[in-house]
Amino acid sequence: MAESRFTLPAVAAYGIVVWLLCGLFQHQLWVQFACFVLATYLMVELNNSNVLIRIYSRSVSAAFIILSCIACFLFPSVEGAIVQLCFISSLLTLFRSYQDKTAVGLTFYTFVLLGLASLVEVHTFWFIPVYWIIMMFFIYSLTIRTFLASLLGILLPYWCLFAWILWRYEGDFTRLWQHFEPLADFLFPIDYTAIGLDRILTFAFFVVLFVTGLIHYLRTSFNDKIRIRQIYYSLIFLDIVAMAFLIAQPQHDDLMLRVIIITTSPLIGHFVALTYTRLTNIAFCVILGIAVILTAFTLWSSSFIF
């Protein structure tokens, strides 16, 4: 299944059915669906351009569709869909700068995309230092020049917003300050009951998939080239940070779950495509079965049809 050319079309059809059950027509979720389709294509490109799987396989993009369908309660959010697109696009440009300390342009575009995402969801700012750490320890592209390029990239969307506010609101920058105020809001004590059982179960399943993919990759990473290893280590680090953020501040689960879906998909895709033992085949069937059951539960919890 992992190596079949029919896997992605079959999983795509499954994804369309889930979107229909979530109210694609009834709620006019066309913008969100278009972003989902584009995000799936970008995951295909992320796999192809970086050769994340060393054999022909669409398991990364198929895993992305399946994990996204499990978290179908995220479908109605236009803002979340845009942020997810920006994240995947930023990873595409970030990984292209591997070991290129002169990649000023690619670094600039990477952080422009993060800046655009932060205009939609300000808590994306939390990931900017994470990207700098990835550039320093995994991608090996952080220099003074690329650091300054990243700052310019972050500031560009806000420079445009600054000019728009100056023209539209005659210099009243109250809205701009209000945009950044949520960054200082932290929920203590932590209240996990506010996010719902469906989200808690989804996060728990994603953690299990992450641990499964992580153990498999650490055991077999010697088969990959150094560049591919560093990309996977970047994804693992980003995944851990997103999970830590979600545990510490569960009210931001929409953003963190989207990042976790992006970063966990290559790990579980690698596991599915490159394991052939009886035990891992059984594990694949169990994972697929739980994914379908959990998708049905989240559909029942969030869809008006049920």
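Worth saying up front: this structure is predicted, and the values here are computed from it rather than measured.

**Q** Talk me through the state of the cysteines; I want residue IDs and the actual numbers.
**A** Note on terminology: a disulfide is the covalent bond linking the sulfur atoms of two cysteines. Evaluated as defined, the whole model comprises zero disulfides. Left without a disulfide partner, C22 is nearest to the cysteine sulfur of C72, which lies 3.9 Å away. By relative accessible area, C22 is classed as buried at 10%.

**Q** Can you tell me about unusual backbone geometry, naming the residues and giving the values?
**A** With phi around 60 degrees, Q99 is a residue other than glycine that occupies positive phi space. With a phi angle near 60 degrees, Y140 is a residue other than glycine that sits in the positive phi range. Within the secondary structure, Y140 is located in the loop between helix 6 (128–139) and helix 7 (144–168). A relative accessible area of 32% means that Y140 is categorised as partly exposed.

**Q** Describe the nonpolar core, with residues and values.
**A** Membership of the largest hydrophobic core comes to 89 residues, with the highest contact counts inside it found for F87, L91, F127 and F206. Residue contacts for F206: discarding those within four places in its chain leaves L67, I70, M243, L257, I260, I261 and T264.

**Q** Residues and numbers for empty space enclosed by the protein, please.
**A** In total, this model carries one cavity of 30 Å³ or more according to the counting rule given. In this structure, the largest cavity spans a volume of roughly 120 Å³. As for the largest cavity, its lining consists of 13 residues, of which W19, F36, F75, Q84 and R258 are closest to the centre. Residues belonging to the lining of the largest cavity are distributed by class as follows: eight nonpolar, four polar and one charged.

**Q** Describe the layout of surface pockets, naming the residues involved and giving the relevant values.
**A** Summary: where empty space remains is shown by rolling a probe the size of a single water molecule over the atoms. Roughly 380 Å³ of internal volume is contained in the largest pocket. Looking at the largest pocket, it is lined by 20 residues, and the ones nearest its centre are V11, A62, I66, F284 and L288. At the level of secondary structure, the elements contributing two or more residues to the lining of the largest pocket comprise helix 1 (7–21), helix 3 (59–70), helix 9 (197–220), helix 11 (253–273) and helix 12 (278–302). Grouping the constituent residues of the lining of the largest pocket by class yields 17 nonpolar, three polar and no charged.

Procedures and definitions
- Residues numbered from 1 in each chain as written.
- Predicted model: local features only at pLDDT ≥ 70, side-chain atom pairs only at ≥ 80, totals over all residues.
- Heavy atoms only, no water.
- Disulfide = S-S within 2.5 Å.
- Buried < 20%, exposed > 50% of the residue type's maximum accessible area, 1.4 Å probe, protein only.
- Helix = DSSP H or I, 4+ residues; strand = E, 2+ residues; numbered from the N terminus.
- Core = buried A, V, L, I, M, F, W, Y, C linked by side-chain atoms within 4.5 Å.
- Contact = heavy atoms within 4.5 Å.
- 1 Å grid on protein atoms, 1.4 Å probe; cavity = no way out; pocket = protein on both sides within 12 Å on 5 of 7 lines; lining within 4 Å.
- Points joined across faces, edges and corners; volume = space filled by probe spheres on them.
- Nonpolar A, V, L, I, M, F, W, Y, C, P; charged D, E, K, R; others polar.

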